[in-house]
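# Analysis of the macromolecular model
Each chain is listed here by its residues.
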Protein chains: 2
Amino acid sequence: MVSGSDRVSAGKVHAPQILEGERPTLKTIAYLTGLGVTTVSRALKDAPDIGAETKERVRLVARQLGYQPNRAGVRLRTGKTNVIALVLGMDAEIMSMTGRMVYGISDVLTGTPYHLVVTPHMNSADPMVPVRYIAETGSADGVILSRTEPDDARIRFLAERNIPFVTHGRTEMEFIHPYHDFDNEAFAYQAVERLAARGRKRIAILRPPTQLTYSGHTMTGFHRGLKAFALEEVPLDWISVETPAAGQKDAIESLMRSPDAPDGLICCSGSSAIAAAAGIASAGKRIGREVDMAAKEAAGVLPWFQPEIIAMNEDFTSAGRELARALLARIAGSDPATLQSIDMSTWTDEM
Amino acid sequence: MVSGSDRVSAGKVHAPQILEGERPTLKTIAYLTGLGVTTVSRALKDAPDIGAETKERVRLVARQLGYQPNRAGVRLRTGKTNVIALVLGMDAEIMSMTGRMVYGISDVLTGTPYHLVVTPHMNSADPMVPVRYIAETGSADGVILSRTEPDDARIRFLAERNIPFVTHGRTEMEFIHPYHDFDNEAFAYQAVERLAARGRKRIAILRPPTQLTYSGHTMTGFHRGLKAFALEEVPLDWISVETPAAGQKDAIESLMRSPDAPDGLICCSGSSAIAAAAGIASAGKRIGREVDMAAKEAAGVLPWFQPEIIAMNEDFTSAGRELARALLARIAGSDPATLQSIDMSTWTDEM
DNA sequence: CGATAAATCTGTAACGTTACAGTTCCAAAG
DNA sequence: CTTTGGAACTGTAACGTTACAGATTTATCG
């Protein structure tokens, strides 16, 4: 009943010259279907008070015109930006993972209305700047943060203002928030395990910067491993994976030359592993002979570089996917407690 | 004359409850200054028909409130998005440079109203998709493209629609457009030169994928070098720097084992250099002894990896800066002919 | 038969901004 | 004294969308 197609009522849309060249809007569809703009809007949203046949008709025309909602219009009216902000602290290590992470995030965002805006900030500058900007200008619906600290001012800030976010890395804060993390504790433990299996006794670890949460996790796993396999720690806490490569090499070289040199080394990043390997070589030792090395990396080059290194891969593409998924769910209102995940290690020799 | 401060005329702004909590808008400033919204807008744009004193007053209030124009409002009214789109074809090599390039671009965009939106697209899919999307939805004021081909459909498309863009890499198309490129011809020539200086005679090159413009440049430089130094080419055209690493390694290994093995190898990417080095080692040869290798990389790890490799660094951070600068200038209306630049090589041994 | 409800559809206003076409005031010119 | 003109300011409308409060039509009930 009521075909509706002849219900072209009074002065709906005044200008029929809408049709030329320009991008189609709701108005265009309204004119073409003889419906009101509101009806078209609601039809495309599948609202319950619009007739089934009408919805079908509207959808058809919209598809044919290639209609895409105007982002500025939606944003102005609703405040919804359809933007995800990726906030990056820009150090050497992050540079190598950024591409992969962006890829993973985009992969999930494809087919959603979301765009990815990348907001790096210089390491020296105040890390609150980008986060404050996003909050003040409402320029994103959600934020992805990296380089998480146990008590992280950025996270406190976002949580207070109820701005959806996910962190790459955990915190030790009093509230629950979505995160994705790599199981660095397991990595360090398993690294010790592997060195023990090769008969190594005295282990040093080239650790992440202490202020980051995952540094603590790493050390926990390391110490747990040492205890479990009754190995000894050789201290190496005056450098980190973010010390300039030359510094890392020199430190490892002199460590390897010393009488208390370790016979096993764990490296928490690919570039560190390479610098350390150079240091070991300079000290006249060989990986797989006098020393063994276990390392984690993003690029997958270590095995090519030196197959004796016991290597594992941290998959930043999958991390990006996981982060994006969690953030979208958070924006949609999911319980943060259900949006926490941890990646497990896969060692290259097990693949 | 006319202090203006007591000219609070009739019904300007109806709602004084503007002041609470919410983000300040032109309306807020209008209310606070007793001016009209239009006047405030024009004052902030430094329009010529606004009094000097008024401008000063408006700017003061705006600064104090931390006023930032609403992007959606501006975009809806003017069509200006204040967005730069970075379109990335996602292959392994691009992943390693993305971080650096994003960093360089952001560096230039800081302090401008521009945001950076990253739009990767899967390699297999149609490369026109992202570009068409940007054009159809008007979602960016300008586009940065990588992986340029000599006759590039994306570039033709953008040029036709008059959408500002810059390319990372040149084309061979009939019109002038902004670009930034690395001088791959000089790189290849100088690589040959360096191998010649070490007494190498038979050179192979692990080249970029043939469809990309810079592959041609590279080969031109390579052949020019061979001629200049009277060296011989050993063909290696069944693999490229984008062949999976295992394939590259195997190809290099068997090439090195063959009776016509080259004594010099040029690698056009860091990951290729590492795979090739592994192949050389498997064939029982040593870099710096039986063979020499010259390579270009982004990460700066090659010298650590194996100091015998003659390495140079392609600086993607500076490329990002250059691309952003050129694009902003293009958007502002500069002549494309003035927005073309080429980066020169710096070899690690010269630094 | 009138009243009430349910199902569809609609116009108006508003989000924040700017282009445009005024308006107001005052000084200088005729 | 009127006219002209310029300087400084202003209101209205529009960009595309959606929330809201109706309006219209048809079916159902007493």
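Here goes a summary of the coordinates provided.

The rules behind each value
Residues numbered from 1 in each chain as written. Chains lettered and ligands numbered in written order. Predicted model: local features only at pLDDT ≥ 70, side-chain atom pairs only at ≥ 80, totals over all residues. Heavy atoms only, no water. Phe/Tyr/Trp six-rings, centres within 6.5 Å; stacked < 30°, edge-to-face > 60°. Helix = DSSP H or I, 4+ residues; strand = E, 2+ residues; numbered from the N terminus. Buried < 20%, exposed > 50% of the residue type's maximum accessible area, 1.4 Å probe, protein only. Lys NZ or Arg CZ within 6 Å of the ring centre and 35° of its normal. Contact = heavy atoms within 4.5 Å. Arc of directions from axis to C-beta. Axes fitted to C-alpha atoms, helices over the stretch in contact; angles between N-to-C directions. Parallel < 35°, antiparallel > 145°, perpendicular 65-115°, else oblique. Left-handed = near helix turned anticlockwise from the far one by under 90°. Nonpolar A, V, L, I, M, F, W, Y, C, P; charged D, E, K, R; others polar. Near = heavy atom within 4 Å. Polar contact = N/O pair within 3.5 Å; in protein donor to acceptor, adjacent residues only side chain to side chain. Salt bridge = Lys/Arg side-chain N within 4 Å of Asp/Glu carboxyl O. Core = buried A, V, L, I, M, F, W, Y, C linked by side-chain atoms within 4.5 Å. Least-squares fit on C-alpha atoms with pLDDT ≥ 70 in both. Pairing = 2+ DSSP bridges. Buried area = accessible area lost by both parts, 1.4 Å probe.

On to the packing of aromatic side chains. Think of a pair of aromatic rings as described by two things: how far the centres are apart, and how the planes are tilted against each other in angle. As enumerated under the stated definition, the model contains five aromatic pairs over all chains in all. Seen in terms of ring centroids, phenylalanine 187 of chain A and tryptophan 347 of chain A are 5.7 Å apart; in terms of plane orientation they differ by 20°. Their pairing is stacked. Here the residue phenylalanine 187 of chain A occupies a position in helix 8 (residues 184-197), and tryptophan 347 of chain A occupies one in the segment after strand 11 (340-343), the gap between them amounting to 160 residues. Each of the two residues, phenylalanine 187 of chain A as well as tryptophan 347 of chain A, counts as buried. Residues phenylalanine 305 of chain A and phenylalanine 305 of chain B carry aromatic rings whose centres are separated by 4.5 Å and whose planes lie at 55° to one another, so their mutual orientation is tilted. On the criterion of chain membership, the pair formed by phenylalanine 305 of chain A in helix 12 (residues 302-305) and phenylalanine 305 of chain B in helix 12 (residues 302-305) is interchain, its members lying in two chains. We note that phenylalanine 305 of chain A, like phenylalanine 305 of chain B, is buried. Between lysine 296 of chain A and the ring centre of phenylalanine 187 of chain A, over which it is positioned, the NZ or CZ distance is 5.7 Å.

The next subject is the environment of glycine 138 of chain B. All names here are of chain B. Structurally, the position occupied by glycine 138 is in the loop between helix 6 (128-137) and strand 3 (142-145). Along the primary structure glycine 138 and arginine 207 are separated by 69 residues, whereas in three dimensions their C-alpha atoms are 37 Å apart. When neighbours within four sequence positions are excluded, glycine 138 is seen to be in contact with Arg75, Thr81 and Tyr133.

So, on to helix 7 (residues 153-160) of chain B. Residues and elements named next belong to chain B. Taken as a whole, helix 7 has its buried residues at Arg154, Ile155, Phe157 and Leu158. Seen from one end, helix 7 has its buried residues packed into an arc of 160°, which puts them on one side. Residues of helix 7 that are buried sit in contact with helix 6, strand 3 and strand 4 (165-168). Where helix 7 terminates, the next one or two residues include asparagine 162, which has phi positive at roughly 60°.

Time to look at the packing of helix 1 (residues 26-33) of chain B against helix 3 (residues 52-65) of chain B. Residue and element names in this part refer to chain B. One way to put it is that helix 1 packs onto helix 3 with a least axis distance of 10 Å and a crossing angle of 125°. Here helix 1 is positioned oblique relative to helix 3, judged by the angle of their axes. Note that helix 1 runs across helix 3; the crossing there is right-handed. Only Arg57, Val58, Val61, Ala62 and Leu65 of helix 3 make contact with helix 1, whose side of the interface consists of Thr28, Ile29, Leu32 and Thr33. Taken together, the residues of the contact of helix 1 with helix 3 sort by class into six nonpolar, two polar and one charged.

Around DNA strand D, the structure places 28 residues, and the nearest of them are Lys45, Tyr67 and Arg77 of chain A together with Thr38 and Thr39 of chain B. In DNA strand D, atoms within 4 Å of the protein come from the sugar-phosphate backbone in 60% of cases. Within the side chain of tyrosine 67 of chain A, a nitrogen or oxygen atom sits 2.4 Å from a phosphate oxygen of DNA strand D. A distance of 2.4 Å separates a phosphate oxygen of DNA strand D from a polar atom in the side chain of threonine 39 of chain B. Only helix 1 (26-33), helix 2 (37-44) and helix 4 (71-78) of chain A together with helix 2 (37-44) and helix 4 (71-78) of chain B provide two or more residues apiece to the surface near DNA strand D. With four residues, the top contributor of residues to the surface near DNA strand D is helix 4 of chain A.

Here the focus is the pattern of salt bridges. By the definition in use, this model includes 40 salt bridges over all chains. The residue aspartate 292 of chain B makes a salt bridge to arginine 198 of chain B at a minimum N-O spacing of 4.0 Å. Of this pair, aspartate 292 of chain B sits in strand 9 (residues 292-297) while arginine 198 of chain B sits in the loop between helix 8 (184-197) and strand 6 (202-206), placing them 94 residues apart in sequence. Given the relative accessible area of 42%, arginine 198 of chain B is considered partly exposed. When salt bridges with common partners are traced through the structure, they connect Asp46, Lys55, Glu56 and Arg59 of chain A into a single cluster.

What follows covers the nonpolar core. In terms of nonpolar packing, the biggest core is built from 90 residues, with Met293 of chain A together with Met293 of chain B touching the most fellow members. Ala324 and Leu327 of chain A together with Ile84 and Ile94 of chain B belong to the second-largest nonpolar core, a separate cluster that totals 54 residues.

A separate point is the relation of the copies chain B and chain A. The transform that puts chain B on chain A rotates by 180° and translates by 0.1 Å along the axis, for an RMSD of 0.1 Å. Taken together, the turn and the small shift mark the pair as related by a two-fold rotation axis. Take the interface residues of chain B: 100% of them recur as interface residues in chain A, which is what a same-surface contact looks like.

Moving on to unusual backbone geometry. Of all residues except glycine, most have a negative phi; of all peptide bonds, most are trans. Despite not being glycine, asparagine 162 of chain A has its phi angle at roughly 60°, a positive value. Accessibility expressed as a relative area gives 66% for asparagine 162 of chain A, which makes it exposed.

Attention now goes to the sheet that holds strand 6 of chain B. Residue and element names in this part refer to chain B. The parallel open sheet is built from five strands, whose spatial order is 7-6-8-9-10. This sheet does not close on itself; its edge strands, each paired only once, are strand 7 (232-233) and strand 10 (310-313). Sheet analysis places strand 6 next to strand 7, joined by two bridges and oriented parallel. Note on strand 7: the bridge partner recorded for isoleucine 203 is glutamate 233. Sheet strands in contact with helix 11 (residues 270-282) are strand 6, strand 8 (264-267) and strand 9, and its direction is about 155° off that of strand 9.

Often, the extent of an interface is quoted as the loss of accessible area upon association of its parts. Contact residues are listed per partner, giving 37 residues for chain B and 37 residues for chain A. Between chain B and chain A lies a buried interface of about 3500 Å² when both sides are counted; carbon and sulfur atoms form 73% of it. Among the residues chain B hides against chain A, the three largest losses belong to Met95, Tyr103 and Trp304 of chain B. Together they make up 19% of the total. Linking chain B with chain A are zero salt bridges. The interface formed by chain B and chain A includes six residue pairs in polar contact (both at pLDDT 80 or more). Counting residues per element, the ones that place at least two in the side of chain B that touches chain A are helix 4, helix 5 (92-109), strand 2 (115-122), helix 6, helix 10 (245-257), helix 11 and helix 12 of chain B. Here the side of chain B that touches chain A gets eight residues from one element, more than from any other, and that element is helix 5 of chain B. Taken together, the residues of the side of chain B that touches chain A break down into 20 nonpolar, 10 polar and seven charged.

The next subject is the protein's contact with DNA strand C. By nearness alone, 27 residues border DNA strand C, and Thr39 and Thr54 of chain A together with Lys45, Tyr67 and Arg77 of chain B come closest of all. Counting only atoms of DNA strand C within 4 Å of the protein, the sugar-phosphate share comes to 59%. Between DNA strand C and the protein, one listed contact pairs a phosphate oxygen with a side-chain N or O atom of threonine 54 of chain A at 2.7 Å. Separating a phosphate oxygen of DNA strand C from a side-chain N or O atom of tyrosine 67 of chain B is a distance of 2.4 Å. Partitioned by chemical class, the residues of the surface near DNA strand C number eight nonpolar, 12 polar and seven charged.

Take it as geometry only, folks, not as evidence of what the structure does.
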